[in-house]
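# Overview (structure and organization)
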Amino acid sequence: MSGFMIDLDFLKKVSFFSDFTEETLSYLRNCLRPITISPQENVLTQDEENDTLFILMDGMAEVLVDEKNVTLLHKRGDLIGEMSLILKTKCSATVKAVTPVELMSLRMEFLDVLPAQQKAQVEAMIYRKFSLLLGDKLEKTNHKAKLFEETNQELQKTQDDLKKHNESLEEKIKERTKSLEEKSLELEKQYVALQAGQMQLKESSQTKEMALQKIHELARTELPEFRLKVSFAANQPPEEQANLLKEIENRISSIEDFLTPFIALYESEKKIKSKKVLLAESVVKQHVISKMALGGTGILLDIVKKKEDLLQKLDEEQYDLIFFSTDFMEEVPIIHDKNPLAILVLLCSDQISSYIDILPKYPYLKHIISKDITDRALTIKSIATTVTKIFTTDFFGPEKLLNWGTEIFAEKVNNSTKREEHISNMNAYLKNMGVRSSFLTNINIVAEEMLMNAIYDAPTDGSGKPLFNHLARTEVIKLEEAQQGTFRYGCDGVNVAISMTDPFGRLTKSTILKYVSSLYQDSSQNLNDNQDKGGAGKGMYLIMRLADLVIFNVLPTTRTEVLAIFNLEKNKDQDLNLPAFHFFEI
């Protein structure tokens, strides 16, 4: 150790050795070792073993308990590590050098170098000193305990006084809290209603604007051109009229296509009018959302929040459609028995994996909606769309989740080598719509997985045996016309919708629930038997992980549509939220 020599006069000045005899100190001097510790290095580490006594000679060290500073050591002769030696326990604190620290160290095994008699004499003095240290610490602890007890008695008295005082205020606080809760709930309901109303007003305005634009286009462009074509054809020789009539027929078809959205809107509104719908939901805020979703549709909506109210309503009325939350799962058989013709829809806003074992017991429960309770706009749209899909029996197509009149692009999928072309076409359209690249990354991944699943995993032979899912995804596949699916995409400025429809209908409710369970457990493991060749399991996991809403429309053994929605207005900080999903078995 630089800076000092270990001599007897020095040892006599160290408090720990002050009552050692000169003879004992002369023995002890041979067992001491000088060491230097650099700044930020540990002398001792909390929860580690220690067999050394340290005496501080120069410098400064901090004492840390659970990484928090409790004191500083800077006095010449301060002891370090004595309690772990005395009690034979692990270190209760970390001692770290703040400045270069010079120490004397005494390891008990160093005493083994002394002759037996000298060793016994030194050990006796050391353990005597240890005993005195323990006694001193015990006395201080007893004194602190006495002070603590006196303080505790005073605190108990104060606590008793406070308790008496609080008892007189509790009723007022309860009354005030109840009043505030009621006001808060009412304000929240008003806020939800306002949000929903604004959303519906915006969508209604957009629909009206789109409809007027289409009517204007029809009146100012399509019909005048059609009239000219008819007039021109009437004055042509018979041999020219055949070609012109064919053009006129094509023009009529384009006008029919033009009017199709208007007809569909009218027919859907007509079909759902006066239908009876029951909502069994214990969360009052969801009542407002449902009312806003179905308001103005002509639907007769009843809402219950308690099981006894549900049973009473089922005795009084027969419903066409019943929505119920997971709080009413036990009543599903009763609901079905009392309203056997009603279509049932499960509303699930918590982990659907909790109900996977229960759902197969109810084969008549064919529709499931997992809601994102943080996205009210999407929930309103989902409920309204679900009602329309069920009552019109028109389940397929991404346009149902986009604003009315949004253009949908459709491309036949017939060759595995054209996947990049489909995605490139979609990207060009979405970029032209102003969709940011941060969204395009996830959209492209989902589109790729949809196309891969439709080409390699969906096709089966007449017996239902998969045709291509055993092949590597680099293998070129050309689909026959009967095997070809359709890739669709569209954007209304708020949401992007992409879908893949195949003509096989292989996805089942149990399979989808397995994917959903894996999603909630944040694991795509064991979804595919052959990990090297991909598969629908991992692909579906990615689709559900990256999209904000995934909808499965399944007509068993006939047709499957997987539809993904991406909300362009969603806060990216919410990316970790689990997406909502819908499952419809037609």
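Here we summarise the structure given alongside this text. (Residues numbered from 1 in each chain as written. Predicted model: local features only at pLDDT ≥ 70, side-chain atom pairs only at ≥ 80, totals over all residues. Heavy atoms only, no water.)

### Looking at the sheet that holds strand 1 (residues 33-37)
Overall, antiparallel pairing links the four strands, which are arranged 1-8-3-6 in an open sheet. Looking at the sheet topology across the chains shown, the edges are occupied by strand 1 and strand 6 (79-80). In this sheet, strand 8 (residues 101-107) lies alongside strand 3 (residues 52-58) in antiparallel orientation, the contact comprising six bridges. Looking at strand 8, one finds that Leu 53 is bridged to Leu 106. (Pairing = 2+ DSSP bridges. Helix = DSSP H or I, 4+ residues; strand = E, 2+ residues; numbered from the N terminus.)

### Considerations on the pattern of salt bridges
Applying the stated criterion across every chain yields a total of 11 salt bridges. For Asp 315, the salt bridge is made with Lys 338, and the minimal N-O distance between the two is 2.6 Å. One end of the pair, Asp 315, is in helix 7 (residues 307-316); the other, Lys 338, is in helix 8 (residues 332-338), and 23 residues separate them in sequence. Between Glu 399 and Lys 400 there is a salt bridge, and its shortest N-O distance comes to 3.1 Å. (Salt bridge = Lys/Arg side-chain N within 4 Å of Asp/Glu carboxyl O.)

### With respect to the packing of helix 5 (residues 238-272) against helix 9 (residues 376-392)
Running from N to C, helix 5 and helix 9 point in directions that differ by 85°, and their axes come no closer than 9 Å. One finds that helix 5 runs roughly perpendicular with respect to helix 9. Contact with helix 5, carried on its side by Ser 268, Lys 271 and Ile 272, involves Val 387, Thr 388, Phe 391 and Thr 392 of helix 9 and no other residues of that element. Looking at side-chain class alone, the contact of helix 5 with helix 9 contains three nonpolar, three polar and one charged residues. (Axes fitted to C-alpha atoms, helices over the stretch in contact; angles between N-to-C directions. Parallel < 35°, antiparallel > 145°, perpendicular 65-115°, else oblique. Contact = heavy atoms within 4.5 Å. Nonpolar A, V, L, I, M, F, W, Y, C, P; charged D, E, K, R; others polar.)

### Examining the environment of Val 95
Following the sequence through the fold, Val 95 ends up in strand 7 (residues 94-97). Other than its neighbours up to four places away in sequence, Val 95 contacts Glu 41, Asn 42, Val 43, Leu 44, Ala 61, Glu 62, Val 63, Leu 73 and Ile 80.

### Topic: the side chain of His 367
Looking at where His 367 falls in the secondary structure, it is placed in strand 13 (residues 367-370). Of the residues examined, His 367 reaches a relative accessible area of 7% and is grouped as buried. (Buried < 20%, exposed > 50% of the residue type's maximum accessible area, 1.4 Å probe, protein only.)

### Observations concerning the sheet that holds strand 7
What the four strands build is an open sheet, ordered 2-7-4-5; its pairing is antiparallel. Whereas interior strands pair on both sides, the edge strands pair on one side only; in this sheet they are strand 2 (42-44) and strand 5 (68-73). Going across the sheet, the axis of each strand differs from the next one's by a mean of 30°, ignoring polarity.

### Quick look at the packing of aromatic side chains
Applying the stated rule across the entire model yields seven aromatic pairs. Aromatic side chains Tyr 429 and Tyr 489 sit 5.8 Å apart centroid to centroid with 45° between the ring planes, which places their arrangement in the tilted category. In this pair, Tyr 429 sits in helix 10 (residues 419-432) while Tyr 489 sits in strand 15 (residues 485-491), placing the two residues 60 residues apart along the sequence. Classification of Tyr 489 as buried rests on a relative accessible area of 4%. Judged by centre distance (5.6 Å) and plane angle (45°), the ring pair of Phe 487 and Tyr 489 falls under tilted. Here Phe 487 falls in the buried class, since its relative accessible area comes to 0%. Ring pairing ties together the aromatic residues Phe 409, Tyr 429, Phe 487 and Tyr 489, which thus form one cluster. Positioned above the aromatic ring of Phe 396, the side-chain terminus of Arg 559 is 3.9 Å from the ring centre. (Phe/Tyr/Trp six-rings, centres within 6.5 Å; stacked < 30°, edge-to-face > 60°. Lys NZ or Arg CZ within 6 Å of the ring centre and 35° of its normal.)

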